[in-house]
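The primary structure of each chain is shown beneath.
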Amino acid sequence: MKKFFARFGKSEASVAWLFMTPGLILLALFVFWPIIYSVPLALTNYSVIGKTEFVGLDNFVKALQDKSFITSLLNSLLYVIVVPFIQIISILMAILVNSNVKGIKLFRTAYYIPVVTSMVAVALIWGWLLNQNGVINYVLTNVGLMKEPITWLSNKDTALWTLMFITMWKGLGYYMMIYLAGLQSVPKDLTEAAMIDGANRAQTIRKITIPLLKPYVFFCTLISLMAAIRVFDEVFILTMGGPGDATLTSSLYIYQQGFQQFNFGYSSALGLIVSVMIGALSIVIFRFNRKGGVNPY
Amino acid sequence: MRKKPLRFVKLLLLYGALILFAIFMMGPFLWILSVSLMPGKNVFSSPPAILPTFIDFDNFVQVWNYMDFPRYLMNTVIIALMGVVMNIFFSCLTAYPLAVFRFKGRDLIFTLLVATMIIPAAAGMVVNYLTVKALGLMGGFLAVVLPSAVTVFNVFLMRQAFMGMPHELRDSGKVDGAGEFRIWLQLALPIVKPAIAVIGLLEFMAMWNSFLWPMIVLNDTKQYPIASALSFLNGQFSYNFGWIAAGTVISVIPIIIVFLCTQKYYMEGVSGAVKG
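Residues numbered from 1 in each chain as written. Chains lettered and ligands numbered in written order. Predicted model: local features only at pLDDT ≥ 70, side-chain atom pairs only at ≥ 80, totals over all residues. Heavy atoms only, no water.

In this section: the interface of chain B and chain A. Taken together, the contacts link 90 residues of chain B with 86 residues of chain A. The junction of chain B with chain A conceals about 8000 Å² of combined surface from both sides, 82% of it contributed by carbon and sulfur atoms. In this structure, the connection of chain B to chain A is made through zero salt bridges. Summed over the shared surface of chain B and chain A, the result is seven residue pairs in polar contact (both at pLDDT 80 or more). It is helix α13 (residues 241-275) of chain B that contributes the most residues to the side of chain B that touches chain A, 17 residues altogether. (Contact = heavy atoms within 4.5 Å. Buried area = accessible area lost by both parts, 1.4 Å probe. Salt bridge = Lys/Arg side-chain N within 4 Å of Asp/Glu carboxyl O. Polar contact = N/O pair within 3.5 Å; in protein donor to acceptor, adjacent residues only side chain to side chain. Helix = DSSP H or I, 4+ residues; strand = E, 2+ residues; numbered from the N terminus.)

Residues and elements named next belong to chain A. Positive phi values are uncommon outside glycine, yet M240 reaches one of about 55°. Locating M240 in the fold gives a position in the loop between α12 (233-238) and α13 (250-260). The phi torsion at F262 lies on the positive side, around 55°, for a residue other than glycine. The residue F262 is located in the loop between α13 and α14 (264-291) in this model. Residue F262 is classed as partly exposed on the basis of its relative accessible area, which comes to 31%. (Buried < 20%, exposed > 50% of the residue type's maximum accessible area, 1.4 Å probe, protein only.)

Attention now moves to the nonpolar core. One finds Y111 of chain A together with Y96 and F162 of chain B to be the most contacted residues of the largest nonpolar core, which totals 183 residues. For this core, the leading source of residues is helix α3 (residues 69-100) of chain B, giving 15 residues. Apart from residues lying up to four places away in sequence, Y96 of chain B is in contact with F19 of chain A together with F101, F162, M165, R170, E180, I183, W184 and A188 of chain B. (Core = buried A, V, L, I, M, F, W, Y, C linked by side-chain atoms within 4.5 Å.)

Moving on: the packing of aromatic side chains. Enumeration according to the criterion identifies 39 aromatic pairs over all chains in this entry. Taking the centre distance of 5.5 Å and the plane angle of 85° together, the rings of W128 of chain A and F241 of chain B count as edge-to-face. Within this pair, whereas W128 of chain A is found in helix α7 (residues 119-129), its partner F241 of chain B is found in helix α13, the two belonging to separate chains. For the pair formed by W128 of chain A and F241 of chain B, the shared burial category is buried. Relative to Y255 of chain A, the ring of F232 of chain A has its centre 5.3 Å away and its plane inclined at 70°; by these criteria the two rings are edge-to-face. Taken as a pair, F232 of chain A in the loop between α11 (201-229) and α12 and Y255 of chain A in helix α13 lie far apart in primary sequence, 23 residues in all. Across the pair, Y255 of chain A and F232 of chain A agree in class, each one buried. (Phe/Tyr/Trp six-rings, centres within 6.5 Å; stacked < 30°, edge-to-face > 60°.)

Remember, this is a structural readout, not a statement about activity or role.
Given below as C-alpha cells:
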C-alpha cells in the first residue's frame, strides 16, 4: 500500500487523477449513482406518499405479474423490427447521394434536416399528417391505395407501426451519413480493378462494397437497435402508450411508474430489469460480431 | 453513340429518385410552413392545402404576441450554451489523461465508462431527479444542464481525438519546462479543435431539442426551453392549428440555420465517430 502511494505521488497518475476528477465526479453523480442507487431503491416501496419500507424482491415479483410491463417489453422488442428497414433504406439513400452529380450536397443536406429538428416538432407535424382527416389519408384514398381513411395513431393495430415509421423517418439521414462515409472509404481502384477483371456491377457490390461496409452496418445496427429498444420521445408525445397498451414501451412504462404514479421503488426495479436485459443483449451482439471476424473499431 | 442516351436516362432516373426522397424527407416541413402561412386554413381541410395559395404572417404575429418567444429562445440559448461549455471543458479534461497518460487503472476506468452507455435513459431519470432535488438545484437552469454536463459519449470522442496527438509534442513541452496543465491548454487543445467543434455542435442540438427533462426539473413554464414550450403550447391550444404550426416553424428554424452554417464540421464529426 505504501509503495502504491509513493509511486502515486511521483508518477503521472496524480496529474492524471487531477485532470479527471471534475468530470469523474459529475459522471459518478449522474451516471454511476443512478445505477448503484436504483438497487436499494428497487427493494423498497419508496413513493411520495406513505412510509418507505424494505420490501425485498416484491417489486420484481410484481413486475413479472404486471401485464402492462410484459406488454411494454414485448412492444419494445417488436419495435426492433424497425432496425433492418432503417439499414436497407439508409444504405439505399447513401448509394444515391454517393453519386457525383450537380447539387448532390443540397440533397444530402435536405435528407439530414429531420435529424437536427426536435422530436416534439416532428411528432406534431406527423401527428397532423396522419390524422384521420389528414393529408396522408387524403392522398392514399384518392390514389386508390385505401378505401377508407385509417386512424393511424389511434388504431391499436396500426399505432405501433406508425410510430416505428416516424422513428425511422427521423433517423434515416443520420444513418445515411454514416453509410456514406463507409462508401467513400471504399477505394475506387479496388472496384475499378474488379471491373477490369470482368466482374459486373452486382459482383463488385457483393464482393467488395458490402464486405467493406460491414463494420458500418454493425455500428448502425447496434446504435439503431439500442435507440429502438429505448424509444421514448415519439411515444410520449404522440400516443402516451395508447390506445390501451398498444404502444406502451418499456421506457415509457418506467417513466409513468416513476413520474406519474410516483412509485419510485417499482420504477427503479423495472429500470434494473430492462438494463440487465439490454446489457445481456449487447453482450450477445458483440460476441456474435467477434465470431464473424469483423472489428468495428 | 449508343452510350449517350443511356447515360441520360440513368441521370434522369437518379435525379428522379433523389427528388422523390427529398419530397419524403422535406415534404412535412414544407407542408407545416405552408399551413403556418395561411391563417384560418384548417390542417384537415379537404383537399389538403399543400402549397400556400396566399401568404399571411398573422399566425406568427399572434402566437409571438401570445407566447413570450424571445424569452423561450433566450432560455434555450442559455441552456444550450451552458451545456456546450461544460461538455467541452469537462470532456477535454477527463479524456486527456485517458488518451495520453500511462497510469494504473486507466483501462478499467475507460471500460467502466463505456459500459454505462447501454443503460436506458428512463432508468436513471428517477434517481437523477432525487439527486438534483437533494442538491437544491430544482427550478434552475443548472438542474437542466448538470446531469448531462459531461457525457460518456463525448469523453469517448475526445479520447479518440487526443490519441491522434503526436507523442513528441508533450515531450517537447516538458523540455521547455511547461507544466502538464499548460501543455494541455496550449499544445493539446489546439490540435483537437475539430473534435471540440463536433461535440459543441452535437451538444447544442441535443440541448436545443430536449423537452422532457426540462419539464421535470423546472417549476415555472416561463423558464422552459423552446422544445418544452412547444410541447406545452400543443397541450394548451391543440385546436389552434395555425398557432401551433407557426410555433413549430419558429422553434425549428434556428436549429436548421445553425446546422446549415456548421454542417461541414458536423458531418465530419458524425462520420468520424464511427471510424474512431
